[in-house]
Every structure is written in structure tokens, then in C-alpha cells.
Number of protein chains: 2
Amino acid sequence: MKAGAAIEKTVDIHEMEDCLEKAIREITTTMFDCDSEIIPFESVDLIPPGLSAIVGFGGKISGNISVHLSPENACALASNMLGMKINEMDDIVADAMGEMVNMLAGGMKKYACRHEDLFRISVPSIVYGSDYSTHSPKDSERLLMGIKTGSSTYSLQLIFANG
Amino acid sequence: MKAGAAIEKTVDIHEMEDCLEKAIREITTTMFDCDSEIIPFESVDLIPPGLSAIVGFGGKISGNISVHLSPENACALASNMLGMKINEMDDIVADAMGEMVNMLAGGMKKYACRHEDLFRISVPSIVYGSDYSTHSPKDSERLLMGIKTGSSTYSLQLIFANG
């Protein structure tokens, strides 16, 4: 092989999943001072919908990471982060969950981009309300997982496109 | 100045606004075969909320672009794009509006990154429902504009952070 020749390699969604799982364990321990475990996606109760926090990423690979929480779990995690009791969804909860997904995306980048700068991350967008659903382009790959951090459960979705 | 020394320059939100306005005029003419004009943000009727399509970007500058439409305007623009009459919000409308904001972000990148690769864009996220609101981190700059494409009006938000 010629010196300096580029090695063309696509990134598998399961490699990203591994990086994301490492990031989840590391970030949630730091942020919430408790352990997290990956649980079946189906065991997360998202009815009623509550809050979704989304961070996009783009570069050699592009996609987005989103967390989806019920109002109760969003308030519980924000209360834990901020050290104050919050009972209702508001912009403070939205900011806290935006920061959480931002740190998860940053953690995934740290593990996924050790050898190559595969992507850059955007600022988070946060949606909350009592009646909404989220969608991604139909031609993208997707991975869904459930997470349990302390006694709070929520889902995480990774949307992923090579190139 | 030393040869090759980097010129540190932050990007102003108004430079991005110029790039985005050029992209809006170009993209909407191509996609919808009609002219677009920038209108006061306040004149766009978003009650009830309908659909929001968001594309993040990250790099030297990061942020996101989002369009927000009432159900009627989302269906009208999707009908125009696809050449078929659509009366209710569904995944087809969501995909069409995701494609629209994706093209707007790509157009903004074309104009903003002529001399330097300032950012990469993510895949779009689309939210729709009858009760939701969207938020961005409180420390980001934001710019709101109204757009009228043919007889449809909608709002566009640019969220922006240097560095």
C-alpha cells in the first residue's frame, strides 16, 4: 500500500452503539452519581410523551442522538442534576435534558473519533409537550435502547447515515 | 504575519442570516417553482402548532436550523413538492419537510463555507403534534424570520454558537 493512502472504511451502527453505551455509563455516573444499565427499549414507559432532547452530528458520518422521557422522569433527572426539586416541565428541565444529551453525544464522539475526526456535533434542540411524535428520514439506520439511571427510565435513539 | 498563521475570525449571526436568505430564495424556487419572500416573524400563524423540522450543524460554529409550520401549511408545501394532494399530517409530510430543511441547511452551508469548511450538517429530525414547543440552550444566539412561499407561510429559526 502506498504510504499515506486513505483507508476507506464505513462505520457500523454497532460500533457506534458500543461507543454510546460506554458514554452512557461514564456520563450518567458523573452527572447523576449513580449507575446506569441498558434495559429493553419496550420496558420504558413513554405514555404520555413528555420531553425529547436531540443533538445532531455531521461529517464523514451523520445522524442524531435523541433521548425521550416521560414528564416524571425528565423532572426527576433534572432535579438530580440541579440539586433542587422540580415537579413540572419547564425551560429549566428542557435546558438540563439538552445538556444531558449534549454530554452523551460528546462522550460518543470521544470514543468513536479516537483515530479519525468522523463527525462534529450540533447544539441540542429540546421539544416538550403533551401531544407530539418525533421522526427521522425513512432511509436512515436507527437503533433504540432503553436506559435506567437510578430509578429513572428513558429511551435513547441513534439515527445514523454513512457518508 | 507568519506564513500559514491562522486568521482567527468569528462568524456573525448576520452573515449567516445573509447566507440563509440566499439559500431560501434559491431552494424554494427550485423545490416549489415559486418565489419566496421574507416576512415579519410575527405575521406567521403557528397556532395550532403543527410540524417542526430541525437540522443541526457542528464544526467551527455550531447550531441548528428549524422550520415551524401549521398543519395546513405543512400539508400544502408537501403537496406542492410531491405533486399530490395531502390533507393530513403523516410521515410523508414529515419526510418532505425534513427534506426541505435539509436543503435549506445545505444551501446555507454552500454560501457560508465558500472559503472555509465552517460546519457539517446532521440528518433532519421532524416533530409533529397538536401540543408541543421547541427550545434551544439559553446561552445560544437566535434569529427568527417569517417566510412566505407561494401562499404558504412558515417561520424559520437559526440557533447559533461560535466555537
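Note that this is a predicted model, so its numbers are computed, not measured.

Caption draft 1: Spotlight on the overall build of chain A. A count of helices and strands for chain A gives three helices and seven strands. Mapped in sequence order, the helices and strands of chain A form the string α-β-β-β-α-α-β-β-β-β. Rg of the C-alpha trace for chain A: 16 Å, near the compact-globule value of 15 Å for 163 residues, within the 12% margin. Overall size of chain A, expressed as C-alpha extent along the three principal axes, is 60 × 35 × 30 Å. The buried share of chain A, taken over its 163 residues, is 47%.

Caption draft 2: Representation of the packing of helix α2 (residues 71-82) of chain A against helix α3 (residues 91-112) of chain A. Residues and elements named next belong to chain A. Their axes nearest at 9 Å, the elements α2 and α3 cross at an angle of 80°. As the angle between them shows, α2 and α3 are arranged roughly perpendicular. Of the residues in α3, those touching α2 at Ala74, Cys75, Leu77, Ala78, Met81 and Leu82 are Ile92, Val93, Ala96, Met97 and Met100. Partitioned by chemical class, the residues of the contact of α2 with α3 number eleven nonpolar, no polar and no charged.

Caption draft 3: Structural detail: α2(A). Residues and elements named next belong to chain A. If you check α2, its first and last C-alpha atoms are 16 Å apart, about what twelve residues at 1.5 Å a residue would give, namely 16 Å. Here α2 has its buried residues at Asn73, Ala74, Cys75, Ala76, Leu77 and Ala78. One or two steps after α2, the chain reaches Gly83, where phi turns positive at roughly 65°.

Caption draft 4: Representation of the relation of the copies chain B and chain A in the model. After a rotation of 180° and a shift along the axis of 0.0 Å, chain B superposes on chain A with an RMSD of 0.0 Å. Within this description, the copies of the chain are treated as partners about a two-fold rotation axis. Same-surface contact between copies: 100% of interface residues of chain B are shared with the interface of chain A.

Caption draft 5: Summary view of the confidence of the model for chain A. Residues and elements named next belong to chain A. Mean pLDDT for chain A: 90, with 93% of residues reaching 70 or above. Under a pLDDT of 50 for its full length, residues 1-5 has, in the predicted model, zero contacts with residues more than four places off or in other chains. Here the predicted complex carries an ipTM of 0.88, next to a pTM of 0.91.

Caption draft 6: Representation of the interface of chain B and chain A within the structure. At the junction of the two partners, chain B supplies 37 residues and chain A supplies 37 residues. Among the elements of the structure, β2 (51-59), β3 (61-69), α3 (91-112), β4 (119-121), β5 (125-135) and β7 (152-162) of chain B are those that each provide at least two residues to the side of chain B that touches chain A. Counting residues per element, the side of chain B that touches chain A draws most heavily on β5(B), which supplies eleven residues. Tallied by class, the residues present in the side of chain B that touches chain A amount to 15 nonpolar, 17 polar and five charged. Relative to β5(B), strand β5 (residues 125-135) of chain A runs antiparallel, the two being bridged by seven bridges. When the sheet's bridge partners are listed, Tyr128(A) is paired in β5(B) with Ser133(B).

Caption draft 7: Seen up close, the environment of Val101(B). Residues and elements named next belong to chain B. Relative to the helices and strands, Val101 is located in helix α3. Residues Val101 and Gly59, spaced 42 residues apart in sequence, show a C-alpha to C-alpha distance of 19 Å. For Val101, the contacting residues outside a window of four places in its chain are Ala53, Ile54, Val55, Ile65, Ser66, Val67 and Pro124.

Caption draft 8: The packing of helix α1 (residues 13-32) of chain A against α3(A), seen in detail. All names here are of chain A. The interhelical angle for the contact between α1 and α3, taken along N-to-C directions, is 130°, at an axis separation of 8 Å. Judged by the angle between their axes, α1 and α3 are oblique. The two elements α1 and α3 cross, and the hand of that crossing is right-handed. Contacts from Met16, Cys19, Leu20, Lys22, Ala23, Ile24, Glu26, Ile27 and Met31 in α1 reach Met100, Met103, Leu104, Gly107, Met108, Tyr111 and Ala112 in α3. Across the contact of α1 with α3, the residue classes break down as 13 nonpolar, one polar and two charged.

Criteria and thresholds
- Residues numbered from 1 in each chain as written.
- Chains lettered and ligands numbered in written order.
- Predicted model: local features only at pLDDT ≥ 70, side-chain atom pairs only at ≥ 80, totals over all residues.
- Helix = DSSP H or I, 4+ residues; strand = E, 2+ residues; numbered from the N terminus.
- Rg over C-alpha atoms; globule rule 2.2 N^0.38 Å.
- Buried ≥ 20, exposed ≤ 12 C-beta atoms within 10 Å, placed from the backbone.
- Axes fitted to C-alpha atoms, helices over the stretch in contact; angles between N-to-C directions.
- Parallel < 35°, antiparallel > 145°, perpendicular 65-115°, else oblique.
- Contact = placed C-beta atoms within 7 Å.
- Nonpolar A, V, L, I, M, F, W, Y, C, P; charged D, E, K, R; others polar.
- Expected span 1.5 Å × (residues − 1).
- Least-squares fit on C-alpha atoms with pLDDT ≥ 70 in both.
- pLDDT = per-residue confidence, 0-100.
- Pairing = 2+ DSSP bridges.
- Left-handed = near helix turned anticlockwise from the far one by under 90°.

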